[in-house]
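# A structural walkthrough
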Amino acid sequence: MSSTDRILCEIKDHIAYVYMNRPEKLNGLDMPMFKEMIACAKKLRKNRSVRAVILAAKGDSFCAGLDFKALSKDPMMVPKVFLKWPWTKQNIAQQIAHCWRDLPVPVICAIHGNCFGGGMQIALACDYRIATPDANLSIMEMKWGLIPDMSGMVTLSRLTRVDIAQELTMTGRQFSAQEGYEYGLLSKLSADPLADAQALAEVIASKSPDAIAATKYLFKKSWKADTWKALRWERWVQARLLGRKNQRIAMANGLAGKDKEPKPFKDRTSFL
């Protein structure tokens, strides 16, 4: 278990449980939260024993978005968060969300309470989003005269229609979890998102970690690509899996009888 002021992380049975831990501020995003969340994702990326990540939050809400009071107190926070170094592809504001999409393992987001602004963009960057039926959602940047700029343009375009994305962005209105599910922004509604996230993570963790990582990589590269490009990615990724240790273990387990104990998989290899 690693603990900082803003992020808690525990790894158990190949599953990383990551919690935003600023409940007194509804997990509002300030500079320490930006830095600690990105640092946590970087550590998890290097840990090849991790096979799935659950991203959740302590307190009454998942995340209320950017902490504008903290922003107003620190005049340097705006350039620190929104300016990009010439040698990087994204700024810190984009990285805090996109770092979860970039992980080589699936990230399951468990949402409760309010999920606004930057919090919504963090959730959208995860692979699955499970929310309580009474959760409140909003792409709230319009309230502050802003646009969603924490990788929202990447994730919204892959999850919903352009008219829905524009309406939610232009109004900044709050909408229910049921609406979010109907729009394609949520994967599932659940009275206990954390329990459902854990159940899904356990199934994923029982599969070949190489094949799971390859699947996430393949979908990222080929989703909405033209036919021939998608077929090329299929061939290339499959060629990188065939004959490797975890693929051989999966094959042996698949051919073994149901009464035989399956062989455990090795840690994820870095080949993509």
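A brief look at the structure comes next.

Scoring rules and cut-offs
Residues numbered from 1 in each chain as written. Predicted model: local features only at pLDDT ≥ 70, side-chain atom pairs only at ≥ 80, totals over all residues. Heavy atoms only, no water. Salt bridge = Lys/Arg side-chain N within 4 Å of Asp/Glu carboxyl O. Helix = DSSP H or I, 4+ residues; strand = E, 2+ residues; numbered from the N terminus. Buried < 20%, exposed > 50% of the residue type's maximum accessible area, 1.4 Å probe, protein only. Pairing = 2+ DSSP bridges. Axes fitted to C-alpha atoms, helices over the stretch in contact; angles between N-to-C directions.

### Concerning the pattern of salt bridges
- Throughout the structure, instances matching the rule amount to nine salt bridges.
- Close ionic contact of Asp30 with Arg6 constitutes a salt bridge, the shortest N to O distance being 2.7 Å. Placement of Asp30 in the loop between strand 3 (15-20) and helix 1 (31-46) and of Arg6 in the loop between strand 1 (2-3) and strand 2 (7-12) is noted, with a sequence separation of 24 residues between them. Accessibility assignment for this pair places Asp30 and Arg6 in one class, buried.

### Looking at the sheet that holds strand 6 (residues 114-116)
- Across the sheet, three strands lie side by side as 6-8-9; this open sheet has mixed pairing. Each end of this open sheet is capped by a strand with a single partner; those strands are strand 6 and strand 9 (174-176). Recorded for the sheet is a direction-independent mean angle of 25° between the axes of neighbouring strands.
- Pairing between strand 6 and strand 8 (residues 136-138): three bridges, direction parallel. Counted as the bridge partner of Cys115 is Leu137 from strand 8.

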